[in-house]
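Here's the letter readout for the chains.
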Amino acid sequence: MSTDWTQTAGKMADLQRQGLVEYPQKPRKDPLLVGAAIFGAIFFVFCLIQLNFDYYKIFQGTLKFIASFAMMLPPNVSDWKEILLAGLVTLQVAIVGTVLAVISAFFLSFLAAENVSPRTAWFFKGLGSFLRAVPTLVWALIFIVAVGLGPFPGILAICVHAVGMLIKVFSQSIEEVDEGALEAMRATGAGWLQIMAQAVIPNVFTSFMAWSVFRLEIDIGEAVILGAVGAGGIGWEISNAMRAYEFDTVGFVALVIFIMVFSVEFFSNRLKIKIRRRG
């Protein structure tokens, strides 16, 4: 066996010297990527030094954080009705904001896809970048000033930021549609709306659904945070309990948030599995 392998290797070496066989060369390292990796590592170390962390205080704070869990037990369930109603408000804010964002991004994404709307893609992609570049919390503060406290500014903040993200992912899904299918539809004389309805939407529907469900998961967490700044919901309850040092109430609120987020994530994962199987 070893003799045959040696003879074969010798023949291949002779063929390579004659230029009849070429071995694939190892891919060269991209200097840009190597430079970016080196710069990133150096900048990370620089940030650690520049921020001047007090690691002893961090250690002490970690111990206090762990010890604070003992103060949350047993949870105080005396205000369970108010807390559950606040949790329902948070869920409603997330669902309404996400649904409005999905509807808006659905139409705008077709105008942001370069393969189907090359003339308007640059504008709507830029619009989406701007909307998602501003954090949801900042949008909430802006809308609180405009329309006052309550769930409505939270809905608007979630909707605006979600539109920015969904325009990007929806338009990318549209741009991944096979160009051959689009050309075939154009060759038959189909108009723009017919191409979208018959060639694009059937191909991107599964992807759109998966991204929408994923965004809902994100928006539930966003709605909890926004409640702490005046958008209502369970975030406001946990903020009030923390200010009053009612850690047992905080424990119950945290438990409700966990159950709510876990339940939505569980059902959304089941839905995504079904969507993938159908796709």
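Here's what I pulled together on the structure shown here.

Thresholds, definitions, all that
- Residues numbered from 1 in each chain as written.
- Predicted model: local features only at pLDDT ≥ 70, side-chain atom pairs only at ≥ 80, totals over all residues.
- Heavy atoms only, no water.
- Helix = DSSP H or I, 4+ residues; strand = E, 2+ residues; numbered from the N terminus.
- Contact = heavy atoms within 4.5 Å.
- Areas by Shrake-Rupley, 256 points an atom, 1.4 Å probe, with all protein chains shown as cover.
- Axes fitted to C-alpha atoms, helices over the stretch in contact; angles between N-to-C directions.
- Parallel < 35°, antiparallel > 145°, perpendicular 65-115°, else oblique.
- Left-handed = near helix turned anticlockwise from the far one by under 90°.
- Nonpolar A, V, L, I, M, F, W, Y, C, P; charged D, E, K, R; others polar.
- Salt bridge = Lys/Arg side-chain N within 4 Å of Asp/Glu carboxyl O.
- Buried < 20%, exposed > 50% of the residue type's maximum accessible area, 1.4 Å probe, protein only.
- Phe/Tyr/Trp six-rings, centres within 6.5 Å; stacked < 30°, edge-to-face > 60°.

## What to know about the overall build of the protein
Part 1: Per the secondary structure count, the protein includes eleven helices and zero strands.
Part 2: The order of helices and strands in the protein, counted from the N terminus, is α-α-α-α-α-α-α-α-α-α-α.
Part 3: Considering only contacts within the protein whose residues lie at least 6 apart along the sequence, 74% involve residues at least 24 apart.
Part 4: For the protein, the exposed area adds up to about 18,200 Å²; of that, 69% sits on carbon and sulfur atoms.

## Focus on the packing of helix α5 (residues 121-133) against helix α7 (residues 151-175)
Part 1: The N-to-C vectors of α5 and α7 enclose an angle of 140°; their axes lie 7 Å apart at closest approach. Relative to α7, α5 is oriented oblique. For the element pair α5 and α7, the recorded crossing hand is left-handed. The segment α5 lies against α7, with Phe124, Lys125, Gly128, Leu131 and Arg132 engaging Val160, His161, Val163, Gly164, Met165, Ile167, Lys168, Ser171 and Glu175.
Part 2: Class assignment for the residues of the contact of α5 with α7 results in six nonpolar, four polar and four charged.

## Digging into the pattern of salt bridges
Any two side chains of opposite charge can pair, given that their charged atoms come close.
Part 1: Counted according to the given criterion, the structure contains three salt bridges.
Part 2: A salt bridge links lysine 125 to glutamate 114, with the shortest nitrogen-to-oxygen separation between them at 3.5 Å. Linking lysine 125 in helix α5 with glutamate 114 in the loop between α4 (80-112) and α5, this pair joins segments that are eleven residues apart in sequence.
Part 3: Residue classification places lysine 125 among the partly exposed positions, given a relative accessible area of 27%.
Part 4: A salt bridge links lysine 125 to glutamate 175; the nearest nitrogen and oxygen atoms lie 2.8 Å apart. With lysine 125 in helix α5 and glutamate 175 in helix α7, this residue pair connects regions lying 50 residues apart in the sequence.
Part 5: Salt bridges here are not isolated pairs; linked through shared partners, they connect Glu114, Lys125 and Glu175.

## What about the environment of leucine 149?
Part 1: Checked against the element boundaries, leucine 149 lands in the loop between α6 (136-147) and α7.
Part 2: With 78 residues separating them in the primary sequence, leucine 149 and glycine 227 have C-alpha atoms 9.8 Å apart.

## So, the packing of aromatic side chains
Part 1: All told, the structure shown has 13 aromatic pairs when counted by the stated rule.
Part 2: Ring centres of tryptophan 139 and phenylalanine 143 lie 6.1 Å apart, and the angle between their planes is 20°; this geometry places the pair in the stacked category. Of this pair, tryptophan 139 and phenylalanine 143 both sit in helix α6, four residues apart, which is roughly one turn of the helix.
Part 3: Assessed through its relative accessible area of 11%, tryptophan 139 is described here as buried.
Part 4: Taken together, the aromatic side chains of Phe106, Phe107, Phe110, Phe170 and Phe208 make up a single cluster linked through ring pairs.

## Remarks on the side chain of serine 109
Part 1: Inspection of the secondary structure assignment puts serine 109 in helix α4.
Part 2: When near neighbours in sequence (up to four residues on either side) are disregarded, serine 109 contacts Ile167, Phe170, Ser171, Ile174 and Phe208.

## Here's the deal with the side chain of arginine 215
Part 1: Within the secondary structure, arginine 215 is located in helix α9 (residues 192-231).
Part 2: For arginine 215, the residues in contact, after removing those within four places along its chain, are Thr98, His161, Ala162, Met165 and Leu166.

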